[in-house]
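Notes for the structure review
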Amino acid sequence: MLTNEEVAKDLIRQFGEDVYDFEDPFDLLTLSTKREQLIPMLQYLKDHPTYQINFLTDICGIHYPDDPNPEREFCVVYHLHSLIHNFRVRLKVFLSEADLHIPTATTIYACANWMERETYDFFGVNFDGHPKLIRILNMEDMDYFPMRRQYPLEDSTREDKIDALFGR
Amino acid sequence: MNTVLDVSNKNIPGADVPAQSDGPIQYVNELTTLNLGPTHPATHGIFQNILQMDGEKIVSGEQTIGYIHRAFEKIAERRPFYQITTLTDRMNYCSSPINNMGWHMTVEKLLGVQVPKRAQYIRVIMMELARIADHLICNGILGVDTGAYTGFLYLMQERENIYEIYEEMCGARLTTNMGRIGGMERDLSAEAIRKIRAFVSRYPKVLREFENMFNRNRIFMDRVVNVGPITAERALSYGFTGPNLRAAGVDYDVRVMNPYSSYEDFEFDVPVGQNGDTYDRFMVRGEEMWQSLRIIEQAIENLPEGSHYADAPEYYLPPKQEVYKNMEALIYHFKIVMGEIDAPVGEVYHSVEGGNGELGFYLISDGGRAPYRLHFRRPSFIYYQAYPEMCKGVTLSDAIVIMSSLNVIAGELDA
């Protein structure tokens, strides 16, 4: 049985300053890393003889436009799972809008392919080295990234939408 | 591949036969492009595969998905939590209650609501009924795709009976919107219990008949054994979960590994396959239906007494009679319906064993009425990537069977 502390301490020993912001919301070890360390860390966790965190559950993006630090405007979240120890890790990489690049994980996990395409499709995060980084769920000729917060859905509190205009 | 045909018509007088060259035979490497989908009756959903065919064999495939993308994650960012339930049951619409319950449990985890045992057991019953409905469709359709319509027809009647139980529980059949945050919307009625018992006693006979028809059927086995195999290693790398992963020999089941909704109270086995081929996937799903029946039996026999919803007035709609008489109930009713209840700040990942695998909900709440970000881990979306690799070198008819056995649900694929 792995504990969050044990893995966290080992990661600090291994990656030092490059891992930070440790949390464990609902007992799920959450940490942030720099994008340069992302692939080495995924590889380390996968190849570790005891952890064997070798299952990529999910990749998704988050947009924080209101964050005062522009370096933390975008976040890519990796959920990893060790099926041997039933241990999950949540890995976050924060990016700025000016430099939305992150190395691809497709070299380690085949399933990262579409997850990264989805993240690119909705947030515009560029996964460097991805074999085919094109939109996946939206149309090819879409010219914006719809999950970014500046594209709101229709606002129900708007007053300039008069029902009569819509035949209601 | 163009083969050289020996037509031997040299001796026919007057035949204009070109002189045979002495040089090496020229093979023309010519591939046929075949467009399978987006709307093709054999794909059971809207997805396109552009296949490169070398004669009968598939060389490579390119998938296009997103035809029924409905932007659920974006819509969810504006909706109060209880309204998101209706989005979830449009994902894997073959087993909507599992999606609904998964979502409720995610929110309950965030809110810290403890659901009473009775509600948990009712949820287990509904989820296992949904699993049976999901698997019987998949296995029945696999029969149809291999040319046997009968099995599908027999099983379909049982799905109808499951849908009648859904109707009893929530009034709907396909997109169920079943249960509420904090419990179930209504208790198991006497009629629902009668229908569940009737189903549990009747279904084994039907399933056995179906298995007798297929499991050792020579024609069926010739079509599915060793078709589309995937190794456990590749399956893990491709993010397989659920029956498809278990067919490859990995005994990962969320119900066992991270029990939710009192699954630890029940005794059931996790079937695993060996080869990860279509036959194993079929057999794993078949056996899972038996295990689901076992769970339903245990749950209905040991159904605890008590309330079917948690004491969480801020999140669970009060009974209608109370709303008419009681001021607090009226206030809560109004606040919940208008979506004025703020959720606590938090970040939660919760997963349930869906019909196709690990269905995950990654919810980030910033303390508002709606999620700040909600991401669905949709098993179909993740494992469908492996389809071209599994199809390499097989014939078109086998490719159809492989897709059918993967049980890719278009709604879940595209969200």
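To keep things clear, this report deals only with the structure shown in the data block.

How each quantity is defined
- Residues numbered from 1 in each chain as written.
- Chains lettered and ligands numbered in written order.
- Predicted model: local features only at pLDDT ≥ 70, side-chain atom pairs only at ≥ 80, totals over all residues.
- Contact = placed C-beta atoms within 7 Å.
- Helix = DSSP H or I, 4+ residues; strand = E, 2+ residues; numbered from the N terminus.
- Nonpolar A, V, L, I, M, F, W, Y, C, P; charged D, E, K, R; others polar.
- Pairing = 2+ DSSP bridges.
- Axes fitted to C-alpha atoms, helices over the stretch in contact; angles between N-to-C directions.
- Parallel < 35°, antiparallel > 145°, perpendicular 65-115°, else oblique.
- Left-handed = near helix turned anticlockwise from the far one by under 90°.
- Buried ≥ 20, exposed ≤ 12 C-beta atoms within 10 Å, placed from the backbone.

**A look at the interface of chain A and chain B**
Chain A puts 24 residues into the contact, and the matching count from chain B is 32 residues. Considering every element that reaches the side of chain A that touches chain B, the biggest residue donor is strand S3 (residues 55–63) of chain A, with six residues. By residue class, the composition of the side of chain A that touches chain B is 17 nonpolar, six polar and one charged.

**So, the sheet that holds strand S6 (residues 373–377) of chain B**
Backbone-to-backbone hydrogen bonds pair the strands of a sheet. The strands run either parallel or antiparallel. All names here are of chain B. Reading across the sheet, the three strands line up as S4-S5-S6 and stay open at both edges, with antiparallel pairing between neighbours. The sheet is open, and its two edges are formed by strand S4 (345–353) and S6, each paired on a single side. Between one strand axis and the next, the sheet turns through 10 degrees on average, direction left out of account. Pairing of strand S5 (residues 358–366) with S6 involves five bridges; the strand directions are antiparallel. Across the sheet, the residue bridging to Phe361 is Phe376, located in S6. Sheet contacts for helix H3 (residues 96–111): S4 and S5; angle to S4, the most-contacted strand, approximately 150 degrees.

**Some details on the packing of helix H4 (residues 117–145) of chain B against helix H11 (residues 278–301) of chain B**
Residues and elements named next belong to chain B. At a minimum axis separation of 9 Å, H4 and H11 run at an interaxial angle of 155 degrees. Judged on the interaxial angle alone, H11 and H4 are roughly antiparallel. Considering how the two elements wind past one another, H4 and H11 form a crossing that is left-handed. Taken together, the residues of H11 that come into contact with H4 (itself represented by Tyr121, Val124, Ile125, Glu128, Leu129, Arg131, Ile132, His135, Leu136, Cys138, Asn139 and Leu142) are Phe282, Arg285, Gly286, Glu288, Met289, Ser292, Ile295, Ile296, Ala299 and Ile300. Grouping the amino acids of the contact of H4 with H11 by side-chain chemistry returns 14 nonpolar, four polar and four charged.

**Things to note about the pairing of strand S2 (residues 29–33) of chain A**
Residue and element names in this part refer to chain A. Counting buried positions over the five residues of S2 gives four, a clear majority of the element. Sheet analysis places strand S1 (residues 19–23) next to S2, joined by three bridges and oriented antiparallel. Residue pairing for S2: Val19 is matched across the bridge by Thr33. Connecting S1 to the antiparallel partner S2 that follows it, the hairpin turn spans five residues, and Phe26 within it adopts a positive phi of roughly 50 degrees. Sheet topology note: the S2/strand S5 (residues 87–95) ladder contains five bridges and is parallel. Its bridge partner lying in S5, Thr33 is registered against Val93.

**A few points about the pairing of S5 of chain A**
Residue and element names in this part refer to chain A. Buried residues dominate S5, accounting for seven of its nine residues. Inspection of the sheet shows strand S4 (residues 74–82) paired to S5 by nine bridges, in the antiparallel sense. The residue of S5 that forms the bridge with His79 is Arg90. Hairpin connection from S4 to S5: four residues lie between these consecutive antiparallel strands, with Asn86 at a positive phi of about 50 degrees.

**Regarding unusual backbone geometry**
Trans peptide bonds make up the majority, and among non-glycine residues the majority have a negative phi. Despite not being glycine, Gln52 of chain A has its phi angle at roughly 50 degrees, a positive value. Mapped onto the elements, Gln52 of chain A comes out in the loop between helix H2 (35–47) and S3. Note on Gln52 of chain A: 16 C-beta atoms within 10 Å, which makes it partly exposed. Within the chain, Ala415 of chain B stands out as a residue other than glycine whose phi angle is a positive 45 degrees. Looking at the secondary structure, you find Ala415 of chain B in the segment after helix H17 (410–414).

**Points about the sheet that holds S4 of chain A**
Residue and element names in this part refer to chain A. Read across the sheet, five strands follow the order S1-S2-S5-S4-S3 without closing on themselves; strand pairing throughout is mixed. In the strand order of this sheet, the two ends are held by S1 and S3, each with one partner. Within the sheet, the average angular offset between the axes of one strand and its neighbour, ignoring direction, is 20 degrees. Where helix H1 (residues 4–15) meets the sheet, it contacts S1, S2 and S5, and its direction lies at approximately 15 degrees from that of S2. Across the face of the sheet, H2 comes into contact with S2, S4 and S5 while running at roughly 165 degrees to S5.

**Let's talk about the packing of H11 of chain B against helix H16 (residues 396–406) of chain B**
Residues and elements named next belong to chain B. Running from N to C, H11 and H16 cross one another at 30 degrees; their axes reach a closest spacing of 9 Å. In this view, H11 runs roughly parallel relative to H16, as classed from their interaxial angle. Every pair of crossing elements has a handedness; the one defined by H11 and H16 is left-handed. Across the interface between the two elements, Thr278, Arg281 and Phe282 of H11 pack against Val401, Ile402 and Ser405 of H16.

**Description of the environment of Phe26 of chain A**
Structurally, Phe26 of chain A can be placed in the loop between S1 and S2. With near-sequence residues (within four places) excluded, Phe26 of chain A lies in contact with Lys109 and Val348 of chain B.

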